[in-house]
Amino acid sequence: MHRRLIVPGALAASLLLAIPASAASYAPGAPGIGDPYYPAYGNGGYDVSHYDLRLTYQPTTDELEGTATLLATTTQDLSRFDLDFLLDVSEVRVNGAKASFARSGEHELEITPAKPLAKGTSATVVVRYSGVPSTKSAYGFSTWHRTPDGAVAADEPESAWWWYPSNDHPLDKATYDVSVAVPDGTQAISNGTLQSTSSRLGWTRWNWRSNKPQATYLTTLAVGKFDITTGTSDGGVPVVNAYSKDLGDNDGAARASVERTGELVDWLSGYFGPYPFSSVGGYVPNTTTGYALETQTRVYYSPRQFANGSNTSVVVHELAHQWFGDDVSLKGWKDIWINEGFARYAQWLWSEHEGEGTAQELADYVYASHPADDAFWTVAPGDPGPDDQFDIAVYDRGALAVQALRDKIGDDAFFAVLKGWPKEHAYGNASVDDFRKYAERVSGTSLASFFGTWLFQPSKPAAPAARNAGLAPAQAAKGAVARPKSWKKIAATDSVHSR
Ligand code: ARG
Ligand code: ZN
């Protein structure tokens, strides 16, 4: 039987304003998506499916202006919602109507639509903005990199705040059209395929498209004077690379490495299955940073990665992320091992392929070269904490865990897991725990205590555990494990984890 409700005054008033009967449930979306490592990153209450960024950038002054149009679906009744953004906003519209907006926290843009948004409906959000990204910071830092002839947005976990408003967390992936006008003679590089360019009155507009879901931190922008090369891999993947025209002495080594992208992506497909995106490539801007980043389809490389000569190992690392990190993205930043453990392991497979040390030899070396009292073992790759998210242990101990898994479940099951995983979670998100369950299903082996030891234990797995996992603890104790030939080249990619 339905009872008549006594409607309180305020609610009765809002009912008169024709707000849906459930008005009491309309509430602001959370200012964070719920990631314990980064509580304010991302936002609650909606999910973005597409970003349309139409921008203009002037390299001489670092002035960026543009309009972002976001297509979103609400996941709760929303009276208000946040985007993450640092530049100056002049107008916001939601479903065509002007919305009010305010700033809060370190990087929140709070948007109050003229009419509240019902759960499960679509919302088109238009943000007009401008600003000088290099003058903006959050938490006292900036990840916007100025170069002599432009700028670059490429960093992890945060880079979007400096150039477009977003729901900045990998849980909310979307497709992108990125269109950037820059002065003639300057190039604008982004993800995906270059749909077209057009020139008018001294400005050239570059239109890029990513037609597969892409995380916000994997969306990149580089403006500067680049030499662009194009091709197609044997396997049929279109390749677009770009090199700053002022790489100086690093130019040759950069090209000798990145020009092998097509070959390496085909080689990785042999392990991980078909390449998941419509384009691949890398770019090397003239930044002073040290790291590389797996920006989707268009990898970011610092020139310093090539200071000692060519480095195909770093190219393999970043391309491996296209499957492990980009196609299958983490659910929370604590799950970073499903990115870095496997990208590092791919470098070990490449070493093996090149005859410079097998994955097993590299694993034995990692195990042997860190004594039990080394702080290395205090970092748990399965949940390293935000301060150690890119610690070397996430990479090396992370890959050691992958080799231990290979030894435990055998090559057949192991390589089936490597190839099946990207298919299982294609274009989605997954956690370390999802990986354990998947590996258990494929191998028919319970792996809870195994992963407990190799991914979560804050101390060196003991000799019996190592023996059990096929490592060579007896030799290790004597310090007799030889350093594989590839070690230095692989270690040369380690500046990936320093800001
Ligand atoms: N995911 C990158 C890599 O391993 C690491 C980026 C680390 N972030 C940074 N700001 N250094 O390829
Ligand atoms: Zn990596």
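Reading the values: the criteria
- Residues numbered from 1 in each chain as written.
- Chains lettered and ligands numbered in written order.
- Predicted model: local features only at pLDDT ≥ 70, side-chain atom pairs only at ≥ 80, totals over all residues.
- UniProt positions renumbered as here; feature names shortened; annotations may be inferred.
- Pairing = 2+ DSSP bridges.
- Helix = DSSP H or I, 4+ residues; strand = E, 2+ residues; numbered from the N terminus.
- Buried ≥ 20, exposed ≤ 12 C-beta atoms within 10 Å, placed from the backbone.
- Arc of directions from axis to C-beta.
- Contact = placed C-beta atoms within 7 Å.
- Core = buried A, V, L, I, M, F, W, Y, C linked by C-beta atoms within 7 Å.
- Axes fitted to C-alpha atoms, helices over the stretch in contact; angles between N-to-C directions.

- The protein chain is annotated in an unreviewed UniProt entry as Aminopeptidase N from Streptomyces populi.
- For the record of the protein chain, the UniProt heading Sequence similarities (unreviewed entry) holds the text "Belongs to the peptidase M1 family."

## Thoughts on the pairing of strand β2 (residues 46-58)
Next up, step 1: Across 12 bridges, the pairing between β2 and strand β3 (residues 63-74) is antiparallel. Bridging across to β3, Leu 55 finds its partner in Gly 66.
Next up, step 2: Linking β2 to β3, which pair antiparallel, is a turn of four residues; within it Asp 62 sits at a positive phi near 65°.
Next up, step 3: Taken together, the seven bridges between β2 and strand β11 (residues 174-183) define a ladder with parallel strand orientation.

## Focus on helix α2 (residues 251-258)
Next up, step 1: Ala 254, Ser 257 and Val 258 are the residues of α2 that are buried. Projection of α2 onto a plane perpendicular to its axis shows the buried side chains occupying an angular sector of 85°, all on one side.
Next up, step 2: Next to the buried residues of α2 lie β17 (238-244), α3 (261-272), β18 (282-284), β20 (299-301) and α4 (312-323).

## Details of the nonpolar core
Next up, step 1: Grouped together as the largest cluster of nonpolar side chains are 133 residues, with contacts concentrated most on Val 180, Ala 320 and Ala 346.
Next up, step 2: If one sorts the elements of this core by residue count, helix α7 (residues 392-424) sits on top with 14 residues.
Next up, step 3: Contacts of Val 180, omitting those with residues within four sequence positions, involve Leu 55, Tyr 57, Ala 188, Ser 190, Arg 205, Trp 206, Leu 221 and Val 223.

## Description of the sheet that holds β3
Backbone-to-backbone hydrogen bonds pair the strands of a sheet. The strands run either parallel or antiparallel.
Next up, step 1: Strands sit in the order β1-β4-β7-β6-β5-β8-β3-β2-β11-β14-β13 across an open sheet of 11 strands; the sheet is mixed. Looking along the sheet, the strands with just one partner apiece sit at the ends: β1 (27-28) and β13 (193-200).
Next up, step 2: Pairing analysis gives two bridges linking β1 to strand β4 (residues 78-84), with the strands arranged parallel. Counted as the bridge partner of Ala 27 is Leu 78 from β4.

## Details of the sheet that holds β17
Next up, step 1: Strand order in the open sheet formed by five strands is β16-β17-β18-β20-β19, with mixed pairing between adjacent strands. The two strands at the open ends of the sheet, each matched to only one other strand, are β16 (226-232) and β19 (292-293).
Next up, step 2: Pairing between β16 and β17: seven bridges, direction antiparallel. Looking across to β17, one finds that Thr 232 is bridged to Pro 238.
Next up, step 3: Along the sheet, α3 makes contact with β16, β17 and β18, crossing β17 at roughly 135°.

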